[in-house]
Amino acid sequence: MSDFVKPEVRALAAYTLRQYEYRHKLNQNENPFGYPEALKAKVLERVARADWARYPSFDLAELRAKLAAHSGVTPEMVLVGNGSNELIYVTLAATLSRGDSVVIPVPTFTLYRLLSRVMGAAVHEVLMRPADDFALPVDEVIETARRVQAKVVVLCSPNNPTGTPYPAGAVRRIAAESGALVLVDEAYREFSGQDFRPLLDEFDNVVLLRTFSKAMAMGGLRVGYALMRPELAREVHKAKLPYALNLFSEAAALVALEHFESHFVPLIEAIRQERERLYRALQEVPGLHVYPSAANFLLVRCEARPAREVFEYLVEEHGILVRDVSAYPALAEHLRISVGTPAENEALLEALRALLG
Ligand code: PMP
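On a predicted model such as this, the values are computed, not experimentally measured, just so you know.

Enquirer: An account of the overall build of the protein is requested, with residue identities and associated values reported.
Expert: Of regular secondary structure, the protein possesses 13 helices and 13 strands. Its C-alpha atoms give the protein principal-axis dimensions of about 55 × 55 × 50 Å. For the protein, the proportion of its 357 residues judged to be buried stands at 55%. Pairs at least 24 apart in sequence give 71% of the contacts found in the protein among residues at least 6 apart.

Here's what the structure looks like:
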(Lines give C-alpha, C1' and ligand atoms only; values in the text may rest on other atoms or scores of the structure.)
Protein backbone atom coordinates (compact mmCIF):
# COMPACT_ATOMS: atom_id res chain seq x y z
CA MET A 1 0.00 0.00 0.00
CA SER A 2 2.54 2.56 1.14
CA ASP A 3 4.45 1.82 -2.07
CA PHE A 4 2.07 4.25 -3.70
CA VAL A 5 3.49 7.07 -1.59
CA LYS A 6 6.44 9.05 -3.00
CA PRO A 7 9.81 7.99 -1.58
CA GLU A 8 10.41 11.59 -0.42
CA VAL A 9 7.30 11.38 1.76
CA ARG A 10 7.96 7.88 3.07
CA ALA A 11 11.41 9.06 4.19
CA LEU A 12 9.94 11.82 6.37
CA ALA A 13 9.27 11.79 10.08
CA ALA A 14 5.75 13.18 10.70
CA TYR A 15 5.25 16.66 12.21
CA THR A 16 3.78 15.73 15.58
CA LEU A 17 2.86 17.38 18.85
CA ARG A 18 2.40 15.11 21.86
CA GLN A 19 -0.64 15.95 23.98
CA TYR A 20 -0.28 16.71 27.72
CA GLU A 21 -2.68 17.78 30.42
CA TYR A 22 -1.99 21.33 31.55
CA ARG A 23 -3.42 24.41 33.23
CA HIS A 24 -1.13 26.98 31.63
CA LYS A 25 -0.45 26.63 27.92
CA LEU A 26 2.89 28.21 27.10
CA ASN A 27 3.91 25.92 24.25
CA GLN A 28 2.52 27.35 21.00
CA ASN A 29 3.12 31.10 21.12
CA GLU A 30 -0.56 31.95 21.16
CA ASN A 31 -2.02 35.20 22.45
CA PRO A 32 -2.66 34.45 26.16
CA PHE A 33 -5.37 37.11 26.46
CA GLY A 34 -7.56 35.57 23.77
CA TYR A 35 -9.80 37.19 21.18
CA PRO A 36 -11.66 40.04 22.93
CA GLU A 37 -15.16 38.98 24.10
CA ALA A 38 -16.78 42.20 22.84
CA LEU A 39 -15.47 41.44 19.36
CA LYS A 40 -16.55 37.80 19.50
CA ALA A 41 -20.13 39.05 19.81
CA LYS A 42 -19.72 41.12 16.66
CA VAL A 43 -18.29 38.16 14.76
CA LEU A 44 -21.18 35.94 15.85
CA GLU A 45 -23.72 38.54 14.70
CA ARG A 46 -22.13 38.65 11.26
CA VAL A 47 -21.92 34.91 11.02
CA ALA A 48 -25.57 34.55 12.08
CA ARG A 49 -26.62 36.86 9.23
CA ALA A 50 -24.58 34.98 6.61
CA ASP A 51 -26.00 32.20 4.44
CA TRP A 52 -24.08 29.10 5.52
CA ALA A 53 -25.42 27.08 2.61
CA ARG A 54 -23.49 29.22 0.16
CA TYR A 55 -19.81 29.05 -0.59
CA PRO A 56 -17.78 31.82 1.01
CA SER A 57 -16.44 34.75 -0.99
CA PHE A 58 -14.42 33.53 -3.98
CA ASP A 59 -11.90 36.35 -4.13
CA LEU A 60 -12.15 37.56 -0.50
CA ALA A 61 -12.18 41.07 -1.94
CA GLU A 62 -13.25 42.80 1.29
CA LEU A 63 -10.71 41.03 3.47
CA ARG A 64 -7.92 41.52 0.95
CA ALA A 65 -8.75 45.24 0.66
CA LYS A 66 -8.65 45.60 4.46
CA LEU A 67 -5.39 43.67 4.67
CA ALA A 68 -3.89 45.81 1.92
CA ALA A 69 -4.82 48.98 3.81
CA HIS A 70 -3.54 47.47 7.06
CA SER A 71 -0.22 46.51 5.46
CA GLY A 72 0.45 49.41 3.08
CA VAL A 73 0.14 47.45 -0.19
CA THR A 74 -2.46 47.08 -2.94
CA PRO A 75 -5.11 44.29 -2.83
CA GLU A 76 -3.54 42.47 -5.82
CA MET A 77 -0.49 41.92 -3.63
CA VAL A 78 -2.44 39.99 -0.96
CA LEU A 79 -3.19 36.27 -0.85
CA VAL A 80 -5.24 34.90 2.05
CA GLY A 81 -4.93 31.35 3.29
CA ASN A 82 -6.21 28.86 5.84
CA GLY A 83 -3.44 29.79 8.26
CA SER A 84 -0.06 30.88 7.00
CA ASN A 85 0.70 27.15 6.86
CA GLU A 86 -1.50 26.92 3.78
CA LEU A 87 0.39 29.77 2.13
CA ILE A 88 3.73 28.14 2.93
CA TYR A 89 2.41 25.01 1.25
CA VAL A 90 0.99 26.88 -1.74
CA THR A 91 4.09 29.01 -2.29
CA LEU A 92 6.38 26.00 -2.17
CA ALA A 93 4.02 23.96 -4.38
CA ALA A 94 3.97 26.76 -6.96
CA THR A 95 7.74 27.18 -7.02
CA LEU A 96 9.52 23.88 -6.25
CA SER A 97 9.98 21.00 -8.65
CA ARG A 98 11.66 17.70 -7.79
CA GLY A 99 15.41 18.22 -7.48
CA ASP A 100 15.25 21.96 -6.77
CA SER A 101 17.18 23.33 -3.81
CA VAL A 102 15.97 25.25 -0.77
CA VAL A 103 18.23 27.04 1.73
CA ILE A 104 17.01 27.27 5.32
CA PRO A 105 18.96 28.80 8.24
CA VAL A 106 18.32 26.55 11.26
CA PRO A 107 17.15 26.10 13.96
CA THR A 108 13.81 27.39 12.66
CA PHE A 109 10.16 26.44 12.13
CA THR A 110 10.34 22.85 10.90
CA LEU A 111 7.41 22.92 8.48
CA TYR A 112 9.59 24.51 5.79
CA ARG A 113 11.90 21.56 5.69
CA LEU A 114 9.05 19.06 5.77
CA LEU A 115 7.07 20.64 2.93
CA SER A 116 10.16 21.29 0.79
CA ARG A 117 10.90 17.58 1.06
CA VAL A 118 7.31 16.68 0.17
CA MET A 119 7.79 18.72 -3.01
CA GLY A 120 10.89 16.65 -3.76
CA ALA A 121 13.34 19.50 -3.16
CA ALA A 122 16.78 19.15 -1.56
CA VAL A 123 17.07 21.11 1.69
CA HIS A 124 20.38 22.83 2.50
CA GLU A 125 20.50 23.99 6.10
CA VAL A 126 22.80 26.73 7.33
CA LEU A 127 23.49 26.52 11.05
CA MET A 128 23.00 29.48 13.38
CA ARG A 129 24.90 29.12 16.63
CA PRO A 130 24.03 29.84 20.28
CA ALA A 131 27.54 31.28 20.70
CA ASP A 132 26.62 34.00 18.15
CA ASP A 133 23.19 34.51 19.73
CA PHE A 134 21.77 32.80 16.63
CA ALA A 135 22.77 35.66 14.33
CA LEU A 136 21.92 35.08 10.67
CA PRO A 137 25.12 34.10 8.79
CA VAL A 138 24.33 36.29 5.80
CA ASP A 139 27.43 35.53 3.72
CA GLU A 140 27.04 31.81 4.24
CA VAL A 141 23.34 31.92 3.28
CA ILE A 142 24.15 33.82 0.08
CA GLU A 143 27.13 31.65 -0.76
CA THR A 144 25.13 28.43 -0.20
CA ALA A 145 22.16 29.72 -2.21
CA ARG A 146 24.40 30.58 -5.15
CA ARG A 147 26.38 27.36 -4.98
CA VAL A 148 23.29 25.11 -4.99
CA GLN A 149 21.36 27.51 -7.27
CA ALA A 150 18.60 27.64 -4.67
CA LYS A 151 15.08 28.24 -5.90
CA VAL A 152 13.94 29.37 -2.45
CA VAL A 153 15.55 30.79 0.69
CA VAL A 154 13.43 30.78 3.86
CA LEU A 155 14.01 33.46 6.52
CA CYS A 156 11.86 33.62 9.63
CA SER A 157 12.12 36.92 11.51
CA PRO A 158 11.77 37.08 14.44
CA ASN A 159 12.89 33.50 14.16
CA ASN A 160 11.00 30.66 15.81
CA PRO A 161 12.26 29.15 18.16
CA THR A 162 15.17 31.51 18.89
CA GLY A 163 13.31 34.86 18.99
CA THR A 164 16.08 36.46 16.92
CA PRO A 165 15.11 39.35 14.64
CA TYR A 166 17.12 39.46 11.41
CA PRO A 167 18.38 42.94 10.48
CA ALA A 168 16.58 44.47 7.48
CA GLY A 169 19.94 44.97 5.77
CA ALA A 170 20.68 41.24 6.03
CA VAL A 171 17.37 40.27 4.47
CA ARG A 172 17.84 42.89 1.75
CA ARG A 173 21.28 41.53 0.87
CA ILE A 174 19.93 37.99 0.62
CA ALA A 175 17.10 39.21 -1.63
CA ALA A 176 19.59 41.07 -3.81
CA GLU A 177 22.37 38.50 -3.96
CA SER A 178 21.00 34.96 -3.46
CA GLY A 179 19.30 34.62 -6.85
CA ALA A 180 16.42 32.86 -5.07
CA LEU A 181 12.84 33.60 -4.11
CA VAL A 182 13.09 34.79 -0.50
CA LEU A 183 10.23 33.79 1.81
CA VAL A 184 10.22 36.01 4.87
CA ASP A 185 8.03 34.53 7.59
CA GLU A 186 6.81 37.38 9.75
CA ALA A 187 4.49 35.34 11.99
CA TYR A 188 5.75 37.23 15.07
CA ARG A 189 6.23 40.66 13.51
CA GLU A 190 3.72 42.49 15.69
CA PHE A 191 5.86 41.77 18.77
CA SER A 192 9.04 42.98 17.12
CA GLY A 193 8.21 46.33 15.57
CA GLN A 194 9.88 45.01 12.39
CA ASP A 195 8.16 45.47 9.04
CA PHE A 196 9.72 44.06 5.89
CA ARG A 197 7.01 45.60 3.66
CA PRO A 198 9.43 48.14 2.10
CA LEU A 199 11.34 45.19 0.55
CA LEU A 200 8.38 44.69 -1.78
CA ASP A 201 9.08 48.10 -3.38
CA GLU A 202 12.62 47.06 -4.13
CA PHE A 203 12.38 43.36 -4.94
CA ASP A 204 10.14 41.13 -7.03
CA ASN A 205 11.60 37.98 -5.44
CA VAL A 206 10.32 38.53 -1.89
CA VAL A 207 7.24 36.97 -0.28
CA LEU A 208 6.13 38.07 3.19
CA LEU A 209 4.09 35.58 5.22
CA ARG A 210 1.90 36.74 8.07
CA THR A 211 -0.73 35.26 10.35
CA PHE A 212 -3.72 35.98 12.57
CA SER A 213 -2.69 33.07 14.84
CA LYS A 214 -0.34 34.93 17.18
CA ALA A 215 -0.85 38.66 17.84
CA MET A 216 -4.44 38.56 16.56
CA ALA A 217 -5.43 35.72 18.94
CA MET A 218 -6.99 33.58 16.20
CA GLY A 219 -4.92 30.37 16.23
CA GLY A 220 -8.13 28.34 16.30
CA LEU A 221 -9.58 30.08 13.26
CA ARG A 222 -6.74 29.54 10.78
CA VAL A 223 -6.18 32.77 8.86
CA GLY A 224 -2.88 33.77 7.29
CA TYR A 225 -1.88 36.08 4.47
CA ALA A 226 1.01 36.60 2.11
CA LEU A 227 2.23 39.81 0.49
CA MET A 228 4.14 39.83 -2.80
CA ARG A 229 4.30 41.64 -6.14
CA PRO A 230 1.05 41.34 -8.17
CA GLU A 231 2.68 39.33 -11.01
CA LEU A 232 3.94 36.76 -8.53
CA ALA A 233 0.68 36.73 -6.57
CA ARG A 234 -1.27 35.89 -9.75
CA GLU A 235 0.92 32.85 -10.35
CA VAL A 236 1.08 31.57 -6.78
CA HIS A 237 -2.68 31.98 -6.52
CA LYS A 238 -3.15 29.31 -9.19
CA ALA A 239 -1.83 26.66 -6.78
CA LYS A 240 -4.36 27.57 -4.04
CA LEU A 241 -7.40 25.53 -3.10
CA PRO A 242 -10.56 27.46 -3.91
CA TYR A 243 -12.61 28.49 -0.85
CA ALA A 244 -9.93 27.45 1.65
CA LEU A 245 -11.06 30.17 4.07
CA ASN A 246 -14.47 29.59 5.67
CA LEU A 247 -16.87 32.43 6.37
CA PHE A 248 -16.53 32.23 10.18
CA SER A 249 -12.79 32.84 9.96
CA GLU A 250 -13.24 35.54 7.37
CA ALA A 251 -15.67 37.39 9.67
CA ALA A 252 -13.32 37.13 12.65
CA ALA A 253 -10.41 38.46 10.59
CA LEU A 254 -12.48 41.41 9.32
CA VAL A 255 -13.65 42.33 12.81
CA ALA A 256 -10.09 42.04 14.15
CA LEU A 257 -8.75 44.38 11.47
CA GLU A 258 -11.55 46.89 12.07
CA HIS A 259 -10.65 46.99 15.77
CA PHE A 260 -6.92 46.52 15.54
CA GLU A 261 -5.87 49.81 17.12
CA SER A 262 -8.45 49.80 19.91
CA HIS A 263 -8.44 46.12 20.90
CA PHE A 264 -5.25 44.43 19.72
CA VAL A 265 -2.51 47.04 20.00
CA PRO A 266 -2.96 47.19 23.81
CA LEU A 267 -2.76 43.37 24.05
CA ILE A 268 0.39 43.31 21.91
CA GLU A 269 1.92 46.04 24.05
CA ALA A 270 1.07 44.09 27.23
CA ILE A 271 2.70 40.94 25.80
CA ARG A 272 5.83 42.90 24.87
CA GLN A 273 6.06 44.33 28.37
CA GLU A 274 5.54 40.91 29.93
CA ARG A 275 8.25 39.51 27.64
CA GLU A 276 10.73 42.05 28.96
CA ARG A 277 9.69 41.44 32.56
CA LEU A 278 9.93 37.67 32.13
CA TYR A 279 13.28 38.01 30.36
CA ARG A 280 14.76 39.97 33.27
CA ALA A 281 13.27 37.63 35.88
CA LEU A 282 14.54 34.51 34.08
CA GLN A 283 18.03 36.00 33.99
CA GLU A 284 17.93 35.89 37.79
CA VAL A 285 17.04 32.18 37.97
CA PRO A 286 20.22 30.18 38.60
CA GLY A 287 21.04 27.46 36.08
CA LEU A 288 19.13 29.06 33.21
CA HIS A 289 20.47 31.06 30.29
CA VAL A 290 17.81 33.16 28.57
CA TYR A 291 18.26 34.72 25.13
CA PRO A 292 16.88 38.12 24.10
CA SER A 293 13.70 37.82 22.01
CA ALA A 294 11.74 40.03 19.64
CA ALA A 295 8.81 37.61 19.58
CA ASN A 296 6.19 36.50 22.14
CA PHE A 297 8.31 33.66 23.50
CA LEU A 298 11.69 33.17 25.12
CA LEU A 299 14.31 30.53 24.45
CA VAL A 300 16.15 29.24 27.52
CA ARG A 301 19.08 26.88 27.94
CA CYS A 302 18.97 24.64 30.99
CA GLU A 303 22.43 24.53 32.52
CA ALA A 304 21.80 22.96 35.92
CA ARG A 305 19.30 20.21 35.04
CA PRO A 306 18.52 18.42 31.77
CA ALA A 307 15.90 20.30 29.72
CA ARG A 308 13.70 17.20 29.61
CA GLU A 309 13.64 17.07 33.40
CA VAL A 310 12.71 20.76 33.67
CA PHE A 311 10.01 20.28 31.02
CA GLU A 312 8.46 17.29 32.82
CA TYR A 313 8.68 18.96 36.21
CA LEU A 314 6.81 22.04 34.91
CA VAL A 315 3.98 20.09 33.32
CA GLU A 316 3.64 17.32 35.90
CA GLU A 317 4.08 19.32 39.13
CA HIS A 318 2.67 22.68 38.03
CA GLY A 319 0.53 22.05 34.95
CA ILE A 320 2.70 24.46 32.95
CA LEU A 321 3.22 23.24 29.40
CA VAL A 322 6.23 24.69 27.57
CA ARG A 323 7.91 23.47 24.37
CA ASP A 324 10.82 21.08 24.45
CA VAL A 325 12.93 22.14 21.46
CA SER A 326 16.01 20.15 22.47
CA ALA A 327 15.83 17.98 19.33
CA TYR A 328 16.31 21.02 17.06
CA PRO A 329 19.76 21.59 15.55
CA ALA A 330 22.06 23.40 18.04
CA LEU A 331 19.34 23.44 20.73
CA ALA A 332 20.29 20.54 23.01
CA GLU A 333 19.06 21.42 26.54
CA HIS A 334 16.83 24.27 25.31
CA LEU A 335 13.17 24.97 26.05
CA ARG A 336 10.91 27.54 24.40
CA ILE A 337 8.47 29.34 26.65
CA SER A 338 5.58 31.44 25.33
CA VAL A 339 4.87 34.69 27.15
CA GLY A 340 1.64 34.17 29.09
CA THR A 341 -0.63 36.40 31.14
CA PRO A 342 1.09 38.13 34.09
CA ALA A 343 -0.34 35.44 36.42
CA GLU A 344 0.91 32.62 34.21
CA ASN A 345 4.37 34.14 33.96
CA GLU A 346 4.44 34.48 37.73
CA ALA A 347 3.44 30.83 38.15
CA LEU A 348 6.21 29.84 35.76
CA LEU A 349 8.81 31.89 37.60
CA GLU A 350 7.78 30.51 41.00
CA ALA A 351 7.95 26.94 39.70
CA LEU A 352 11.40 27.47 38.17
CA ARG A 353 12.73 29.17 41.29
CA ALA A 354 11.42 26.29 43.42
CA LEU A 355 13.31 23.78 41.24
CA LEU A 356 16.49 25.70 40.51
CA GLY A 357 16.73 28.52 43.05
N1 PMP B 1 5.37 30.41 10.76
C2 PMP B 1 5.94 30.35 11.96
C3 PMP B 1 7.32 30.85 12.15
C4 PMP B 1 5.24 29.79 13.03
O5 PMP B 1 5.82 29.71 14.23
C6 PMP B 1 3.92 29.31 12.83
C7 PMP B 1 3.10 28.71 13.93
N8 PMP B 1 3.76 27.86 14.79
C9 PMP B 1 3.39 29.41 11.55
C10 PMP B 1 4.13 29.98 10.54
C11 PMP B 1 2.05 28.86 11.21
O12 PMP B 1 1.06 29.71 11.59
P13 PMP B 1 -0.44 29.58 11.12
O14 PMP B 1 -1.22 29.32 12.35
O15 PMP B 1 -0.75 30.90 10.49
O16 PMP B 1 -0.57 28.46 10.12
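Enquirer: Can you break down the sheet that holds strand β7 (residues 206-211) residue by residue, with the values?
Expert: Strand order in this open sheet of seven strands is β2-β8-β7-β6-β5-β3-β4, and the pairing throughout is mixed. What marks the edges here is a single partner per strand, and that holds for β2 (78-81) and β4 (122-127). Across the sheet, the mean angle from the axis of one strand to that of its neighbour is 20°, orientation sign disregarded. When strand β3 (residues 101-106) meets strand β5 (residues 152-156), the two strands line up parallel, connected through two bridges. By the bridge assignment, V102 is partnered in β5 with V152. Strands β3, β4, β5, β6 (181-185) and β7 of the sheet are contacted by helix α5 (residues 111-118), whose axis makes an angle of about 155° with β4.

Enquirer: Talk me through the side chain of S101; I want residue IDs and the actual numbers.
Expert: As for its position among the elements, S101 is in strand β3. A polar contact is formed between the side chain of S101 and the side chain of H124, at a distance of 3.3 Å. With residues up to four places along the chain from it excluded, the contact list for S101 reads A122, H124, V148, A150, K151 and V152.

Rules used throughout
Residues numbered from 1 in each chain as written. Predicted model: local features only at pLDDT ≥ 70, side-chain atom pairs only at ≥ 80, totals over all residues. Heavy atoms only, no water. Helix = DSSP H or I, 4+ residues; strand = E, 2+ residues; numbered from the N terminus. Buried < 20%, exposed > 50% of the residue type's maximum accessible area, 1.4 Å probe, protein only. Contact = heavy atoms within 4.5 Å. Pairing = 2+ DSSP bridges. Axes fitted to C-alpha atoms, helices over the stretch in contact; angles between N-to-C directions. Polar contact = N/O pair within 3.5 Å; in protein donor to acceptor, adjacent residues only side chain to side chain.

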